[in-house]
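Per-entry structural report
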Amino acid sequence: MASNRRELISLIEQGVIPPEQMTRAVQASGLHPSPRAWALFIDRLLLWLGGLALAFAVLFFVAYNWTEMGRWLRFGMVQAAVVLAVGIAVWSKATPTVKRVALTAASLLVGVLLALIGQVYQTGADPWQLFFSWAVLTLPWVWVARFELLWVLWLGLLNLAVGLYFRTWGGPFGVLASSEAAQWGLFILNTLVLAVWEWGAHDRGWPQQWAVRLLALGSGVPITLLMMTLIIEVGLSWSPVLASYPLWLAVLYGVYRYWRPDLFMIAGGCISLLTVATLLLARLLLWEGDWQEGSLMLIAIAVLAMGAGAVVWLKRLHQEMSQS
Amino acid sequence: MNSINDLKARLNQAGIVLNEPATPASLETPWVVRVLQAFSGWLAALFLLGFVAMGVVFVVESPAASLGLGLAMIGAAYGLFRKARSDVLEHLALAVSLAGQLLIAWAAVAFWEESATSLWALVAWSLFGLQSVLALVMPSLLHRTFSAFAASLALYMALAMSAMALVASGFVLLALTLLWLNEFRGPGSIRVVQAWGYGLLLGLLVMQGLAHSGQSFVFWFDAHSTSVLAWSAPWLSAVMVALSLALLLYNVAKSKPHWSLYLSPIALLLISFYAPGVGQGLVVVLLGFAMGHRLVMGLGVLSLLMGIGSYYYWLDATLLTKALTLLFTGGVLLTLRLALHKWLSIEGNMPSPSEGGHGK
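Residues numbered from 1 in each chain as written. Chains lettered and ligands numbered in written order. Predicted model: local features only at pLDDT ≥ 70, side-chain atom pairs only at ≥ 80, totals over all residues. Heavy atoms only, no water.

For the rest of this paragraph, the subject is unusual backbone geometry. All names here are of chain A. Despite not being glycine, Arg146 shows a phi value in the positive range, around 50°. If you trace the backbone, Arg146 turns up in the loop between helix H6 (127-145) and helix H7 (148-169). For Arg146, a relative accessible area of 44% puts it in the partly exposed group. (Helix = DSSP H or I, 4+ residues; strand = E, 2+ residues; numbered from the N terminus. Buried < 20%, exposed > 50% of the residue type's maximum accessible area, 1.4 Å probe, protein only.)

For the rest of this paragraph, the subject is the environment of Thr321(B). All names here are of chain B. As for its placement among the helices and strands, Thr321 is situated in helix H15 (residues 319-343). Since its relative accessible area comes to 41%, Thr321 is described here as partly exposed. A polar side-chain atom of Thr321 sits 2.8 Å from a polar atom in the side chain of Thr318. (Polar contact = N/O pair within 3.5 Å; in protein donor to acceptor, adjacent residues only side chain to side chain.)

Residue and element names in this part refer to chain B. Axis separation between helix H13 (residues 276-291) and helix H14 (residues 294-312) bottoms out at 7 Å; the angle between their running directions is 165°. When the axes of H13 and H14 are compared, the pair comes out roughly antiparallel. Helix-helix and strand crossings are classified by hand; for H13 and H14 the assignment is left-handed. Of the residues in H14, those touching H13 at Gly277, Val278, Gln280, Gly281, Leu282, Val284, Val285, Gly288, Phe289 and Met291 are Val296, Met297, Gly300, Val301, Ser303, Leu304, Gly307 and Ile308. The class makeup of the residues in the contact of H13 with H14 is eleven nonpolar, seven polar and no charged. (Axes fitted to C-alpha atoms, helices over the stretch in contact; angles between N-to-C directions. Parallel < 35°, antiparallel > 145°, perpendicular 65-115°, else oblique. Left-handed = near helix turned anticlockwise from the far one by under 90°. Contact = heavy atoms within 4.5 Å. Nonpolar A, V, L, I, M, F, W, Y, C, P; charged D, E, K, R; others polar.)

Taken together, the 92 residues of chain A in the interface contact 96 residues of chain B. Remark: the boundary between chain A and chain B carries three salt bridges. Along the contact surface separating chain A from chain B lie seven residue pairs in polar contact (both at pLDDT 80 or more). Counting only elements with at least two residues in the side of chain A that touches chain B, the list comes to helix H1 (5-13), helix H2 (22-28), helix H3 (35-64), helix H5 (96-121), H7, helix H11 (263-290) and helix H12 (293-323) of chain A. Residues that form the side of chain A that touches chain B fall into these classes: 61 nonpolar, 18 polar and 13 charged. (Salt bridge = Lys/Arg side-chain N within 4 Å of Asp/Glu carboxyl O.)

The values reported here are purely geometric and, on their own, carry no functional implication.
Dropping the structure here:
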């Protein structure tokens, strides 16, 4: 959906478009979709909503756990749905969008099938095993679908599996608290995938934009939480996160300031740093201090100064980036 | 620059005479920078409030003093916003205003505490009034966005006290549809309308998130909220969702859409009664597409996904009924698509295989 909304608003605000001509200018600008664009959009909307409604119908049915219905019938129904979805995806007459919807539905149905196995046979497996098997079994379809959204959903499954695994079993040497181990697991997974995706975007023309930003969030949120946990629990004493966090910030800055300029990433780093710095100040001045009102005022001023400084700096960067 | 020149050429072709720029083009502040500004303003306001609470204890002990200081802080913030020519001052004004609002909220709780009837409903209505006024008068786009967001949540809280929470999301959807459809009403109001529109859209998403998690403000404050009109809430909400879609279609009718679109409000009325979140999400997706606004459309998709998620937890039907309903809905939607292809010869309008989606 190409849109020239920003340019149109800029022309209106500069007074280039006379106010009495604004309505005509909006119509002539092509901002509003044509009847043909509407037809295409409705077509895709019907296809996606219809396909997903059918897949979710199977999911809800299995969740209902109808004991009067025999297990073979239930397995047969879910497996038939999987075969049907994959059949549509490999059908030569299917358009690329139909194939993507079919493979997304098939990937969802594999999860339903695994849940049904757990429901019928009471395997006693840990939840992480369900999500991990789901991710492994659907990988070939995700690979061939070449579809950004499906990759992100797949990575979501892997995140769930990794998070649940470490939450259950703790760190590799059992030295980490389980929730901290889960944060480390998610941080390492998402940072690696982010690096691979950036390489793909640079060398192979993979799509960037929102998927990369989502991965950066998946990398930034856990490391920020780890740093916050460290400050809350022990203060600034030695821990691997004390070395990893500044390194992560430095790499983020280097990559997204010079290699692939992206203000979103740098602003995200600023928000993370602002949160950590405020928490550190609160620990030093309030918990380790004596809760004086002057300390609260000092922190308020510090937060204001850091926030305003970051905004001024980011606006300057934005100007530089849009000129280059 | 090329896209600006393309647009100018297009407007010239349409016979629109363009003026020389009266003001130089200014670079729009990216939304992520505004998020950072709002976040740090809010954080600073909390510490500022802590300073007031500890440093000038008598202020928080007396509702009148709390209200007075809160209003004075909002007044000071208003003055700062009017004079502010730098980011630092704007930032300070935002934090002062937010701390002032918290003081007024505190005063409202203390003031209505004696009331025998619903304390939280009165507090919520007071906050709704305050935030609505601030959204209208504060000379800062960021503040207007925040106030519109806070006003929508206050309305939700107020109506939730009367077991009418669903009506709040329907009302907010209707308001944001009207706003976005009138985005280009006047050259001076575009940014203001956008600021309110974003605030209300964020409010709608939070309401859906609360509904999805099965929590609501009612749960936190008052487990006995009831109303004689509670039975009408799902209907009122569904009517407002359908009305939003009807308004959208009326607006789109100028570009002569396909006739089949006109049947959709009726279908949406039914869907919204059983799954309000789904209906709301669909309207936001369509609104975003109609306006060529990718961010609104993306937030609409998020809203739609949350709506589908909350349908799972809807307690008035068994999972079997829901499964059969979904099966029927999916079948109808795909048949409708097939019918559009076959009988209405949309094939000519279909995208080429390389169009749409992204290769990886």
